[in-house]
Amino acid sequence: MNEREKPRPIYTDSGIEVDPVYTTARVEDSPLPGTFPFTRGIHPDMYRERLWTMRQYAGFGTPQETNKRFHYLLDRGQTGLSVAFDLPTQMGHDSDANIAAGEVGRVGVAIDSIEDMRVLFEGIPLGEVSTSMTINSTAAILLALYIALADEQGVDRNLLGGTLQNDILKEYIARGTYIYPVEESLRLTTDIISFCREELPNWNPISISGYHIREAGATAPQELAFTLANGLEYIARAVEAGLDINAFAPRLSFFFAAHNDLFEEVAKFRAARRLWATLLRKNYEASDNSCRLRFHAQTGGSTLSAQQALNNIIRVTIQALSATLGGSQSLHTNGYDEALALPTKEAAKLALRTQQIIASESGITRTVDPLGGSYYVEALTDQIESAAVNYLDTIEELGGASKAIEYMVQEIRTAAYKVQLDVESGQREIVGVNVHAEEDEALSIEKPAYEVLEQEQIARLKAHKERRIDGTIREELEGVRSTARGNANLMPRLISSVKSGVTLGELSDVLRSEWGVYHG
């Protein structure tokens, strides 16, 4: 065959070359689901025994509006809550702060105080629902608020179930909602892990997030490697703080993206389980239970197109299939209109129905790891794991994830730039955008009256502050300041403070004054 007749190479979305046909694959001698290294799943029966948790990420405007959406989704079969917070809340600012103007309630719910938490979860018994909170820099404060509300409801802390994202390293790497310097932020993360080990045995104190790394432009192997590197850093910090690996590792969870390349995504999830288990066994001689990588998945926000937005329904379905075929423990499916605005009720319901149809009608829940043994999927699993190991070796040489932030940032930027060039050249086809494009009638989406919601939130905050006892507030803030200067766990002090009415912004400001802020 001469040069001209050679077929052009074909690659996965992450640049792994794909053979025309696969006829052999390495299949482990004992890859049974529920057994180390958990390539085929962390439970022997997986979805035959229990479906994944169906979560829909929700939060906008005021706590009242978000509470309505929570009830709407729960009434339609959602099995877990997932809370989105607005940018001021994520960045440690109260709604009345000058810097918060115009951002209150825009990309999530505004939470300033214990009063807001009461409204957010009105009519929702915290001992009977699993709650995921996507929050990082202010994770300790939001967890304190949640615990304070549970105490008010009379709910035993042992009954609280859910997940706190609490993954600050990925904020420095990919997302940008950091506040404090790296070391102080990692101290907070470790305090949360330690506190939950003692007080909240059924709570996941951290969700180590590859999702935002992928959304920033990383490839699948980069998402896997950088996420596991962050996880290893958190484990190292907790062990240094005196925690036994087998006492806290079983409660660690992960959060991955599910993008469009169906088989590559399935292989990524399988490789993630195997690699994590291998690393924990090698580095810490961890027990099987500690080695199980449990993960939540969310369909890819960056893959959604504003053009021909209904096409996103198909994209989300493919991505949801990749997560479930890959063995996810919980899943959020995006609304088809999210490239344009926060999802409407109709779009959120359809996204939930997508999961329910897959669970009830597709047949993929009838056997474990249905793509296991596929020559292609097994080969991709090996290749993604190998590529991830190469990244991990480099990160280890640099001193670990906390020292390799700039390296990971540059790798992601390079990958994102290549994808953009491929889209603009047409080498990567996106239906309705650079192929099969046509004049598209824009979706009619009624957006909330954010200005009105912001003023309502500020008025509620003002009234809350006027009802407080100033002396008590000062005493609580000084207690937080004193604890921040020492080595004691901050969580008990934060819980006491929010119960007294101290706000998220006030607590964040005290920590800013003691620790300073991070300048990337």
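Structural data are supplied above this passage.
Basis of the calculations
Residues numbered from 1 in each chain as written. Predicted model: local features only at pLDDT ≥ 70, side-chain atom pairs only at ≥ 80, totals over all residues. Heavy atoms only, no water. Patch = residues over 30% accessible without salt bridge, like charges linked within 9 Å, V, L, I, M, F, W, Y side chains within 5 Å. Areas by Shrake-Rupley, 256 points an atom, 1.4 Å probe, with all protein chains shown as cover. Salt bridge = Lys/Arg side-chain N within 4 Å of Asp/Glu carboxyl O. Helix = DSSP H or I, 4+ residues; strand = E, 2+ residues; numbered from the N terminus. Buried < 20%, exposed > 50% of the residue type's maximum accessible area, 1.4 Å probe, protein only. Contact = heavy atoms within 4.5 Å. Axes fitted to C-alpha atoms, helices over the stretch in contact; angles between N-to-C directions. Parallel < 35°, antiparallel > 145°, perpendicular 65-115°, else oblique. Left-handed = near helix turned anticlockwise from the far one by under 90°. Phe/Tyr/Trp six-rings, centres within 6.5 Å; stacked < 30°, edge-to-face > 60°. Lys NZ or Arg CZ within 6 Å of the ring centre and 35° of its normal. Expected span 1.5 Å × (residues − 1). Arc of directions from axis to C-beta. Pairing = 2+ DSSP bridges. Lys, Arg positive; Asp, Glu negative; His and termini not counted. Charge placed at Lys NZ, Arg CZ, Asp CG, Glu CD. Polar contact = N/O pair within 3.5 Å; in protein donor to acceptor, adjacent residues only side chain to side chain.

Moving on, we come to a nonpolar patch on the surface. Together, Leu310, Leu340 and Leu443 give the surface a local cluster of nonpolar side chains, amounting to about 240 Å² of exposed area. On the secondary structure map, Leu340 appears in the loop between β9 (330–332) and α13 (345–361). Owing to a relative accessible area of 35%, Leu340 belongs among the partly exposed residues under this scheme.

In this fold, Val104 is placed in the loop between α2 (87–90) and α3 (114–120). Sequence separation between Val104 and Val239 is 135 residues, and the spatial gap between their C-alpha atoms is 38 Å. Excluding its chain neighbours within four sequence positions, the residues that come into contact with Val104 are Asp86, Pro88, Ser95, Ala110, Glu454 and Gln457.

Attention now goes to the packing of helix α17 (residues 470–485) against helix α18 (residues 491–499). Close contact between α17 and α18 brings their axes to 9 Å; oriented N to C, the two are set at 165 degrees. Overall, the two elements α17 and α18 adopt an arrangement that is roughly antiparallel. Viewed along their axes, α17 and α18 form a crossing whose handedness is left-handed. Of α18, the residues touching α17 (which contributes Glu476, Gly479, Val480 and Thr483) are Arg493, Leu494, Ser496 and Ser497.

It is worth spelling out the packing of aromatic side chains at this point. Tallied over the entire structure, the rule returns 19 aromatic pairs. Cluster of aromatic residues (ring-pair linked, three or more members): Phe254, Phe256, Phe269, Trp276 and Phe295. Above the plane of the ring of Phe36 lies Arg281, whose end atom (NZ or CZ) is 4.1 Å from the centre.

Turning to helix α15 (residues 405–425), a few remarks are in order. Compared with the 30 Å implied by 1.5 Å per residue over 21 residues, the 31 Å span of α15 between its first and last C-alpha is a close match. Of all the residues in α15, the buried ones are Ile405, Met408, Val409, Ile412, Ala415, Asp422 and Val423. The buried residues of α15 all sit within an arc of 155 degrees when viewed along its axis, so they share a single face. α15 presents Arg413, Thr414, Tyr417, Glu424 and Ser425 as exposed residues on the side facing more than 90 degrees away from its buried surface. Immediately downstream of α15, the backbone of Gly426 shows phi near 90 degrees, a positive value.

It is worth spelling out the sheet that holds strand β4 (residues 161–164) at this point. Taken together, 9 strands build an open sheet; the order of strands is β5-β4-β3-β2-β1-β9-β8-β7-β6 and the sheet is parallel. Lying at the two open borders of the sheet, with one neighbouring strand each, are β5 (203–204) and β6 (206–209). Pairing of strand β7 (residues 252–258) with strand β8 (residues 295–299), which is carried by 5 bridges, proceeds in the parallel orientation. Pairing of Phe255 across the sheet is with His296, part of β8. The sheet strands contacting helix α4 (residues 139–153) are β3 (130–134), β4 and β5, and the helix crosses β3 at an angle near 155 degrees.

Among all positions in α18, only Met491, Leu494, Ile495, Ser497 and Val498 are buried. Down the axis of α18, the buried set is contained in an arc of 165 degrees. They therefore lie on one face. At its buried positions, α18 is contacted by α3, α4, α6 (182–199), α17 and α19 (504–515). Looking one or two residues beyond α18, the residue adopting positive phi is Gly501, at roughly 105 degrees.

Together, Glu438, Glu439, Asp440 and Glu441 give the surface a local cluster of negative charge. Inspection of the secondary structure puts Asp440 in the loop between α15 and α16 (450–467).

Once that is clear, we can look at the side chain of Gln457. Tracing the backbone through its elements, the reader meets Gln457 in helix α16. There is a polar contact of 3.0 Å between the side chain of Gln457 and the side chain of Asp116. In this view, Gln457 contacts Thr62, Pro63, Ser95, Val104, Ala110, Asp112 and Asp116; residues no more than four positions away in its chain are not counted.

For the rest of this paragraph, the subject is the side chain of Arg55. Relative to the elements of secondary structure, Arg55 occurs in strand β1 (residues 53–58). Salt bridges are absent for the buried Arg55, whose nearest opposite-charge side chain, Glu128, sits at 15 Å. A polar contact is formed between the side chain of Arg55 and the backbone oxygen of Leu81, at a distance of 3.0 Å. A polar atom in the side chain of Arg55 sits 2.6 Å from the side chain of Ser130.

Together, Arg76, Lys345, Lys349 and Arg353 make up a positively charged patch on the protein surface. With respect to the helices and strands, Arg76 occurs in the loop between α1 (63–75) and β2 (80–84).

By the secondary structure assignment, Thr138 is in the loop between β3 and α4. Spatially, the C-alpha atom of Thr138 lies 8.6 Å from that of Ile179, the residues being 41 residues apart in sequence. The contacts of Thr138, once residues within four sequence positions are left out, are Thr89, Gln90, Gly92, Ile179, Leu504 and Ser508.

Looking now at the pattern of salt bridges. Inspection of the entire model under this criterion finds 31 salt bridges. Ionic pairing is found between Glu115 and Arg467, a salt bridge with its closest N-O pair at 2.3 Å. Here Arg467 lies in helix α16 and Glu115 lies in helix α3, a separation of 352 residues in the sequence. A salt bridge links Asp382 to Arg274; the nearest nitrogen and oxygen atoms lie 2.7 Å apart. Here Asp382, found in helix α14 (residues 375–397), pairs with Arg274, found in helix α10 (residues 262–284); they are 108 residues apart in sequence, far enough to count as distant. Both residues of the pair, Asp382 and Arg274, count as buried. Through salt bridges with shared partners, a single network forms among Arg40, Arg270, Asp369 and Glu378.

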